There are 2 protein chains.
Amino acid sequence: MSQTAGYEPTDRTVPTRSRHRASYDRELVHSILDEAYVCHLGFVRDGAPVVLPTLYGRVGERLYVHGSTGSRPLRMAGQGGGEVEAPGLAVCLTVTHVDGVVLARSAFHHSVNYRSVVVHGVARQVTDPEERRIALDALVDHVVPGRSLDSRPADAKELAATAVLRLDLQEVSAKVRTGGPDDEPEDLALPYWSGVLPVARRYGTPVPADDLDPAVSVPAYLTALG
Amino acid sequence: MSQTAGYEPTDRTVPTRSRHRASYDRELVHSILDEAYVCHLGFVRDGAPVVLPTLYGRVGERLYVHGSTGSRPLRMAGQGGGEVEAPGLAVCLTVTHVDGVVLARSAFHHSVNYRSVVVHGVARQVTDPEERRIALDALVDHVVPGRSLDSRPADAKELAATAVLRLDLQEVSAKVRTGGPDDEPEDLALPYWSGVLPVARRYGTPVPADDLDPAVSVPAYLTALG
């Protein structure tokens, strides 16, 4: 499969419902992933599901998450570097944007406009120092583009305390709902307001740290986000 | 345990990391749950984790999610009403608010201010008609308070097509990070801006449906959200 082709649908990336909303388009998936920075990472522990919010970064067709070497999912993912010899951790990584609340005349047809990406796969610990460095920069730059060049890089002690997991974008789907309510024809004359209440993320004014030297001004990459 | 006491910590609701950020306070948990309406629901299928975004509602110490009777998790949860006889579906339901991006002088100490709730438990299908009605109203009112009274209730056919799952709030924890960056003392003089970029949800101006009668004005409960 070429880099420009879409992701190959699999049994678990084809939804049982609302198939018309599913997409395997690479650019759409990337754009949804790049607009967020908190994902919900699911894994199985003692047979039961666990879902935790965590930051992530993307480098091409690879997603990275990180955490303390003492954290549960990172310990469970074991070792495994560029050559990937470890069993790894089966995960499902999901990213969701809510773009609007959809109010229909009928309670039944209420909905939400959203864009989501679901990635299935096996996450493995990255041990290669160069890939770890790239991943950690990507994690910072994913939240605030350009920030990795304007902060102190991790030192040896910090690197030793940080585990990085990689999840390749292979079994991936996006799902998107847009537009207004889908009311039943016989409901259109009902006296209830219907339409969409748009929802978006809003950045506020940057709040400097209490101990920040007042001579250090807010960087342009930060005001660009507002 | 009384209704006012906190949730009892269990092995899986006590985090291995950042324990000082964990809370079992009932009011805090409720407030985090009530401010969002999209959760990430995790379950296990064929031994692998699945995480899907979905709407939810809360009625006291019960969470409800709903979906088509044909959807995978709802089919998997099987039957089980008020007396709960079915095996149900082991789930982890997670809700996360991002309140700010925390920029430290060091890449390592970059973080996010957030409030999250993680609920572990077994979700079971609700079959009692009265509880189903309460749950469906709660799902609509959770997104737009007051809306269930200002829309057409579900009819028999719509009710038959809708499955409702209940998840009791028993094994629950919240996790909260607030405040500025935790930089190392030796980094404080570095020339990098540090502080918090606030993040919040913003509602836009309601967009009426194309086929809405212009005589129907935007209801007060909607403008109250903006």
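Each value, and the rule that gives it
- Residues numbered from 1 in each chain as written.
- Chains lettered and ligands numbered in written order.
- Predicted model: local features only at pLDDT ≥ 70, side-chain atom pairs only at ≥ 80, totals over all residues.
- Heavy atoms only, no water.
- Salt bridge = Lys/Arg side-chain N within 4 Å of Asp/Glu carboxyl O.
- Helix = DSSP H or I, 4+ residues; strand = E, 2+ residues; numbered from the N terminus.
- Buried < 20%, exposed > 50% of the residue type's maximum accessible area, 1.4 Å probe, protein only.
- Contact = heavy atoms within 4.5 Å.
- Buried area = accessible area lost by both parts, 1.4 Å probe.
- Polar contact = N/O pair within 3.5 Å; in protein donor to acceptor, adjacent residues only side chain to side chain.
- Nonpolar A, V, L, I, M, F, W, Y, C, P; charged D, E, K, R; others polar.
- Pairing = 2+ DSSP bridges.

If you check an unreviewed UniProt entry, chain A appears there as Flavin-nucleotide-binding protein from Streptomyces purpureus.

Q: Residues and numbers for the pattern of salt bridges, please.
A: In this structure the tally under the stated criterion is 30 salt bridges over all chains. Note that E131 of chain B and R62 of chain B form a salt bridge whose closest N and O atoms lie 3.2 Å from each other. Pair noted here: E131 of chain B is in helix α3 (residues 129-143) and R62 of chain B is in strand β5 (residues 62-68), with a separation of 69 residues, a long-range link. With relative accessibility at 32%, the residue R62 of chain B sits in the partly exposed group. Shared partners join several salt bridges into a network, and the residues in it are R62, E131, R166 and D168 of chain A.

Q: Describe the interface of chain B and chain A, naming the residues involved and giving the relevant values.
A: With 84 residues of chain B at the interface, the matching set in chain A holds 83 residues. Buried surface at the junction of chain B and chain A, summed over both partners, amounts to about 7100 Å²; 65% is from carbon and sulfur atoms. The largest per-residue losses of area from chain B upon contact with chain A belong to P49, R152 and W193 of chain B, which jointly make up 11% of the total buried on that side. Where chain B packs against chain A, one counts 4 salt bridges. Across the pair R152 of chain A and D187 of chain B runs a salt bridge whose closest N-O atoms are separated by 2.7 Å. Linking chain B with chain A are 27 residue pairs in polar contact (both at pLDDT 80 or more), by the criterion used here. Those elements that place two or more of their residues in the side of chain B that touches chain A are β2 (38-45), β3 (48-55), β6 (89-103), β7 (111-125), α3, β10 (195-203) and β11 (207-208) of chain B. In terms of residue count, β10 of chain B provides more of the side of chain B that touches chain A than any other element does, 9 residues in total. Grouping the amino acids of the side of chain B that touches chain A by side-chain chemistry returns 49 nonpolar, 20 polar and 15 charged. Where strand β10 (residues 195-203) of chain A meets β10 of chain B, 5 bridges bridge the pair, whose relative direction is antiparallel. Bridging from a neighbouring strand, V199 of chain A pairs with Y203 of chain B of β10 of chain B.

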